[in-house]
Amino acid sequence: MTASCPKYRRILLKLSGEALMGAQEAGIDPAVLLRFAEAIHDIVSDGVQVGLVIGGGNIFRGAGLAAAGMDRVKGDQMGMLATVMNALAMQDALQRLGSEARVMSALPVAGVCEGFSRDQALRHLDQGRVVLFAAGTGNPFFTTDSAASLRAIEIGADILFKATQVDGVYTDDPQTNPKAERFDRLSYDEALARKLMVMDATALVMCRDHDMPLMVFNIHQPGNLMRAVCGEPVGTLVLRDTTE
Ligand code: UDP
């Protein structure tokens, strides 16, 4: 650890539900879950306060259920409950490693986890507990990217980390277009104007308007979370103003 590391005091980490699947078609791969939990445990041990939002795409997505004929709001409620399951799995993994962790759900799931309270979340964070923000925003028609941007702003995170399967934001899909180029830095306005696959527009606008920096990086590369927390340029940095 260098003298300036960790660079950030408090972060909000967004993990997609799909990241938990590993090579499986759905659900949670316990080995992958443990690997992510270890990476989070390491940065918490270095004194970083961590808020965590995990998606639900490895279980249910409302849009997919609606496409199959289900009422969209019901589908989104199922998607939000899926994020609660993922959060409980991560809480368990973190606690097995010795990190204290609390799940706070935007929908009441009494007896299973706490309801979301911003003040209580700040108390948990100050005491070194990982706070898992579950059930997204609690509203249908939103995504967990929007929930992550909202919670990052609410808890006063220094930065939002979006952990993905690729090492940043590209001009096009790098898996299908070999000429796609990666951005080191990018403004929210450019991401919106070029419809780049960073986060959904609601989440991007929230971050832009509240001046929340975003780092998009590959979580599957070992050591990357620690490097990101130390301020290393492991991915694409998205800012309101890239001249800053
Ligand atoms: N969801 C929702 N409101 C929210 C967040 C999520 O209704 O504020 C639902 C929505 O159906 C979404 C699902 O939960 O598809 C899972 O979240 P998401 O698709 O963001 O998960 P990820 O792609 O990150 O795994």
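Quick notes on the rules
- Residues numbered from 1 in each chain as written.
- Predicted model: local features only at pLDDT ≥ 70, side-chain atom pairs only at ≥ 80, totals over all residues.
- Heavy atoms only, no water.
- Disulfide = S-S within 2.5 Å.
- Helix = DSSP H or I, 4+ residues; strand = E, 2+ residues; numbered from the N terminus.
- Buried < 20%, exposed > 50% of the residue type's maximum accessible area, 1.4 Å probe, protein only.
- Near = heavy atom within 4 Å.
- Polar contact = N/O pair within 3.5 Å; in protein donor to acceptor, adjacent residues only side chain to side chain.
- Areas by Shrake-Rupley, 256 points an atom, 1.4 Å probe, with all protein chains shown as cover.
- Salt bridge = Lys/Arg side-chain N within 4 Å of Asp/Glu carboxyl O.
- Axes fitted to C-alpha atoms, helices over the stretch in contact; angles between N-to-C directions.
- Parallel < 35°, antiparallel > 145°, perpendicular 65-115°, else oblique.
- Left-handed = near helix turned anticlockwise from the far one by under 90°.
- Contact = heavy atoms within 4.5 Å.
- Nonpolar A, V, L, I, M, F, W, Y, C, P; charged D, E, K, R; others polar.
- Pairing = 2+ DSSP bridges.

Engineer: I tried to follow the state of the cysteines on my own but got confused; where do I start?
Structural biologist: Cysteine pairs can be linked by a disulfide, which is a covalent bond between their two sulfur atoms. Tallied over the full model, the rule gives one disulfide. With a sulfur-sulfur separation of 1.7 Å, C5 is cross-linked through a disulfide to C230. With the S-S bond torsion at -40°, the cross-link from C5 to C230 turns out left-handed. You can see C5 sitting in the segment before β1 (10–15) and its partner C230 sitting in the loop between α8 (224–229) and β9 (236–239), a full 225 residues away along the chain. Each of the two residues, C5 as well as C230, counts as buried.

Engineer: Mind showing me how you'd approach the site of the ligand here?
Structural biologist: Within the structure, the ligand sits among 20 residues, and R61, D76, T137, N139 and T144 are positioned closest to it. A distance of 2.7 Å is found between an oxygen atom of the ligand and a backbone nitrogen or oxygen belonging to G17. At 2.5 Å from an oxygen atom of the ligand is found a side-chain nitrogen or oxygen belonging to D76. Within the complex, the protein chains bury 93% of what would otherwise be the 520 Å² of accessible surface of the ligand.

Engineer: Would you take a moment to explain unusual backbone geometry for this structure?
Structural biologist: When glycine is set aside, most residues are seen to have a negative phi, and most peptide bonds are trans. Of note, A135 is a non-glycine position whose phi angle comes to about 65°, a positive value. Locating A135 in the fold gives a position in the loop between β5 (130–134) and α5 (144–154). By relative accessible area, A135 is classed as buried at 0%. Positive phi outside glycine occurs at K195, with the angle close to 50°.

Engineer: What exactly am I supposed to notice about the pattern of salt bridges here?
Structural biologist: Pairing is possible between side chains of opposite charge, provided their charged atoms come close. Counted under the stated rule, the structure contains 15 salt bridges. A salt bridge links R102 to E100; the nearest nitrogen and oxygen atoms lie 3.4 Å apart. Relative accessible area serves as the criterion here: at 40%, E100 is assigned to the partly exposed category. The closest approach of N and O atoms between R194 and E190, which form a salt bridge, is 2.8 Å. Judged by its relative accessible area of 44%, R194 is partly exposed. Connected through salt bridges with shared partners, the residues E100, R102, E114 and R129 form a single ionic network.

Engineer: How do you make sense of the packing of α5 against helix α7 (residues 201–209) when you look at a structure like this?
Structural biologist: A packed helix pair is summarised by two numbers, namely the angle formed by the two axes and the spacing between the axes. Contact pair α5 / α7: the axes reach a minimum separation of 8 Å and the direction vectors enclose 15°. Relative to α7, the element α5 is oriented roughly parallel. The two elements α5 and α7 meet at a crossing, and its hand is left-handed. Of the residues in α7, those in contact with D145, S146, S149, L150 and I153 of α5 are T202, A203, M206 and C207. Looking at side-chain class alone, the contact of α5 with α7 contains five nonpolar, three polar and one charged residues.

Engineer: What should I look at first to understand the pairing of strand β6 (residues 159–164) in this one?
Structural biologist: Look at any regular strand and the pattern is simple: side chains alternate between the two faces of the sheet. Counted residue by residue, β6 has six buried out of six residues, so it is predominantly covered. Where burial is concerned, the two faces of β6 agree: the one with I159, F161 and A163 and the one with L160, K162 and T164 are both buried. Pairing of β1 with β6 involves five bridges; the strand directions are parallel. By the bridge assignment, L15 is partnered in β6 with A163.

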